[in-house]
Each structure stands twice: as structure tokens, then as C-alpha cells.
Amino acid sequence: MRAISAMAAIALSLSPLPGHIAHADTRKQAPIVEAATDISFGTIAASAAGGTIELTPSGTVRCSAGLQCLGGERAGLFYVTGPKDYMVGIMLAPAQLTNSRGESMTALPKASQSTMVLDPGKRKNKFSVGGKLTLSAAQPEGAYTGSYEVMVEYF
């Protein structure tokens, strides 16, 4: 078995999403999004078969047959601040994780919720992020890092 460490760092974007631009209320101030914790899929021991790692937004990890989860995993955490009772949508984009030799794999981040109604006050509204990572049968060993886009938009 070979060890693979897979982590995803955070890159934030609050740009409007296609389809929501026409419905945007220009009187609303953009929500403030604060990244508190990066995602880590932990260290994985992989066989020649490959497989998938699923990290739930609550931080529980599951490795499919052919993989062994060796620890170090954690879910990402974000805080959203905005006006009371406003509803926001949370969208995440897939991420490319790359090692130092340029070899890559794709992670599919998943938020703990797709919408939330905001409570007033800083750090009162939080959501976490997990994801799914697929290792190919011939995935080279190494430490993989990358970033993913988090979009928070008013409805």
C-alpha cells in the first residue's frame, strides 16, 4: 500500500452566480463569508484498486474497499454574517488537487446545507464542508493540495 495525503485549502469568491443576477436586490449588502477551517481528507493508504474517500460535513470519513483511512481528516468550517432573516444559498465548485509533480485528482466539496436564514451578529451563522475524492487505480502517492470556490448568494 502507498500513502497519499490529500488536503484542500480555501479560496473564496462572492461573485454573483448566473441566473441570480437578474434577481439581485442592489439594496442588500453582500454577505460576509469567513473561512475558519480548511478541509483535510487526511492520510490515505491506497491499494492498486483505487477507490473513494467521503468526508461528511460533520467530519466523519469513509474509505471504500481498497483504501485505508489513516487519520488527520477534518471538515471545513465557514461563518456567514448578514442582515437578520435574509436567506442565502451556498454553492461549491469542484476542486483540482495536485501534488508537487503536477499529478492531480478531483474533489467534489459538499456543504452541510444549501440554504440558511441568517441570524444577526458576527459568527452566528455557520456551515461546514466535506466532500468526495476519487483515487484512480494508478494514483501516484504524495501530498495533494488545492483550493475550491465557495459562493454565498442572497435569494
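In case you missed it, the structure is sitting above this.
About the criteria used
- Residues numbered from 1 in each chain as written.
- Predicted model: local features only at pLDDT ≥ 70, side-chain atom pairs only at ≥ 80, totals over all residues.
- Heavy atoms only, no water.
- Helix = DSSP H or I, 4+ residues; strand = E, 2+ residues; numbered from the N terminus.
- Buried < 20%, exposed > 50% of the residue type's maximum accessible area, 1.4 Å probe, protein only.
- Contact = heavy atoms within 4.5 Å.
- Areas by Shrake-Rupley, 256 points an atom, 1.4 Å probe, with all protein chains shown as cover.
- Phe/Tyr/Trp six-rings, centres within 6.5 Å; stacked < 30°, edge-to-face > 60°.
- Salt bridge = Lys/Arg side-chain N within 4 Å of Asp/Glu carboxyl O.
- Core = buried A, V, L, I, M, F, W, Y, C linked by side-chain atoms within 4.5 Å.

Engineer: Would you explain the overall build of the chain in this entry?
Structural biologist: For the chain, the helix and strand inventory stands at 0 helices and 14 strands. With 155 residues in all, the chain has 39% of them scored as buried. Long-range contacts, defined as pairs at least 24 residues apart, comprise 75% of the intrachain contacts of the chain with a sequence gap of at least 6. For the chain, the accessible surface area stands at approximately 7,900 Å², while carbon and sulfur atoms represent 54% of it.

Engineer: Which parts of the structure should I look at to understand the packing of aromatic side chains?
Structural biologist: The geometry of an aromatic ring pair comes down to the distance between the two centres and the angle between the two planes. Enumeration according to the criterion identifies 3 aromatic pairs in this entry. When the ring of F78 is compared with that of F127, the centres are 5.1 Å apart and the planes differ by 10 degrees; the resulting orientation is stacked. Here F78, found in strand β7 (residues 76-81), pairs with F127, found in strand β12 (residues 125-135); they are 49 residues apart in sequence, far enough to count as distant. Judged by its relative accessible area of 0%, F78 is buried. A relative accessible area of 1% means that F127 is categorised as buried. Considering the side-chain rings of Y86 and Y154, the 5.4 Å spacing of their centres and the 70 degrees angle between planes classify their relative orientation as edge-to-face. In this pair, Y86 is assigned in the loop between β7 and β8 (87-92) and Y154 in strand β14 (residues 147-154), connecting sequence segments 68 residues apart.

Engineer: Just to check I follow, could you spell out the pattern of salt bridges for this structure?
Structural biologist: Pairing of side chains with opposite charge becomes possible as their charged atoms draw close. Per the counting criterion, the structure on display carries 3 salt bridges. For the salt bridge of E54 with R62, the shortest nitrogen-to-oxygen distance reads 3.9 Å. You can call R62 partly exposed: its relative accessible area is 47%. Where D85 meets K84, a salt bridge forms, and the shortest distance between an N and an O atom there is 3.1 Å.

Engineer: Looking at this structure, how should I read the environment of E34?
Structural biologist: Positionally, E34 belongs in strand β2 (residues 32-37). Residue class for E34 comes out partly exposed when judged on its relative accessible area of 26%. When the C-alpha positions of E34 and V80 are compared, they lie 6.4 Å apart, and in sequence the two are 46 residues distant. In contact with E34, other than residues within four places in its own chain, are L77, F78, Y79, K122 and R123.

Engineer: Please clarify how the nonpolar core should be interpreted in this entry.
Structural biologist: Within soluble globular proteins, side chains that are nonpolar tend to cluster in buried spots. With 29 residues, the main nonpolar core has I53, F127, L133 and L135 as its most contacted residues. Mapped by element, the contributors of at least two residues to this core are β3 (39-46), β4 (51-55), β7, β8, β9 (95-98), β10 (104-111), β12 and β14.

The quantities given are spatial measurements derived from coordinates; they are silent on function.
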